[in-house]
Amino acid sequence: MGSLQFRAGTVAVVSNSKGRVLAFQRTDFPGQWQLPQGGIDVGESPVEGAWRELEEETGLGPTDVRLVDEYPDWTVYEWPDGVKRGARLGQAQRWFFFEARNDEVEPAPDGDEFDDWKWVKVPWLVDQVVEFRKPSYQRVLGARS
């Protein structure tokens, strides 16, 4: 029997001066909103993965945002049946917090994972995120509000 494991990943939280965060609508589930996130590549540190995923999925980079904080712990969740992939049980993620360098910053969703974006209040985002991710969002974002 093979060993099941969690995929190591990152989550990027981009906020503006009004305390809102950038939320992105998934292309595969219209009406489902979340934060940019993705796996950490081999040889990459978590913070490097966060910057890469943020740029790939939203077009935002160091000229648009600055890294301001990191959640101190890994968050872990299991994928529900039907979402599990191969020997992966779910994800273990590091969360990174970015501030927009100005409130006019406009992301460019990749069109692959995300097709729309908006600035939202944290409680709205937590309500919109898919059920199996909610505890992580509540734990990390609730600790900051």
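Student: Looking at this structure, how should I read the pattern of salt bridges?
Tutor: Between side chains of opposite charge, pairing is possible as soon as their charged atoms come close. Taken as a whole, this structure holds 11 salt bridges when the rule is applied. Note that Lys18 is salt-bridged to Asp103, the shortest N-O span being 3.4 Å. Of this pair, Lys18 sits in the loop between β1 (5-15) and β2 (21-26) while Asp103 is found in the loop between β7 (88-100) and β8 (114-120), placing the two residues 85 residues apart along the sequence. On the basis of relative accessible area, Lys18 is assigned to the exposed category, the value being 61%. The salt bridge partner of Glu99 is Arg66, with a shortest N-O separation of 3.3 Å. Linking Glu99 in strand β7 with Arg66 in strand β5 (residues 65-70), this pair joins segments that are 33 residues apart in sequence. Residue classification places Glu99 among the partly exposed residues on the basis of a relative accessible area of 32%. The exposure class assigned to Arg66 is partly exposed, which follows from its relative accessible area of 34%. Several salt bridges share partner residues, and in doing so they unite Asp41, Glu44, Arg52, Glu53 and Glu56 into one network.

Student: Just to check I follow, could you spell out the nonpolar core for this structure?
Tutor: The nonpolar side chains of soluble globular proteins are, as a tendency, buried together. Ranked by size, the top nonpolar core spans 17 residues in total, and within it Val13, Leu35, Trp95, Phe97, Leu125, Tyr137 and Leu141 carry the most contacts. Secondary structure elements with two or more residues in this core: β1, β2, β7, α2 (122-128) and α3 (134-142). Leu22, Phe24, Val65 and Ala100 belong to the second largest nonpolar core, which has 14 residues in total.

Student: What should I look at first to understand the confidence of the model for the chain in this one?
Tutor: Detailed reading of the predicted model is not advised wherever pLDDT is low. Of the residues in the chain, 92% have a pLDDT of 70 or more, and the chain-wide mean is 91. Here strand β6 (residues 75-78) stands out as the least confident element of the chain, with mean pLDDT 89; β5 is the most confident, with 98.

Reading the values: the criteria
- Residues numbered from 1 in each chain as written.
- Predicted model: local features only at pLDDT ≥ 70, side-chain atom pairs only at ≥ 80, totals over all residues.
- Heavy atoms only, no water.
- Salt bridge = Lys/Arg side-chain N within 4 Å of Asp/Glu carboxyl O.
- Helix = DSSP H or I, 4+ residues; strand = E, 2+ residues; numbered from the N terminus.
- Buried < 20%, exposed > 50% of the residue type's maximum accessible area, 1.4 Å probe, protein only.
- Core = buried A, V, L, I, M, F, W, Y, C linked by side-chain atoms within 4.5 Å.
- pLDDT = per-residue confidence, 0-100.

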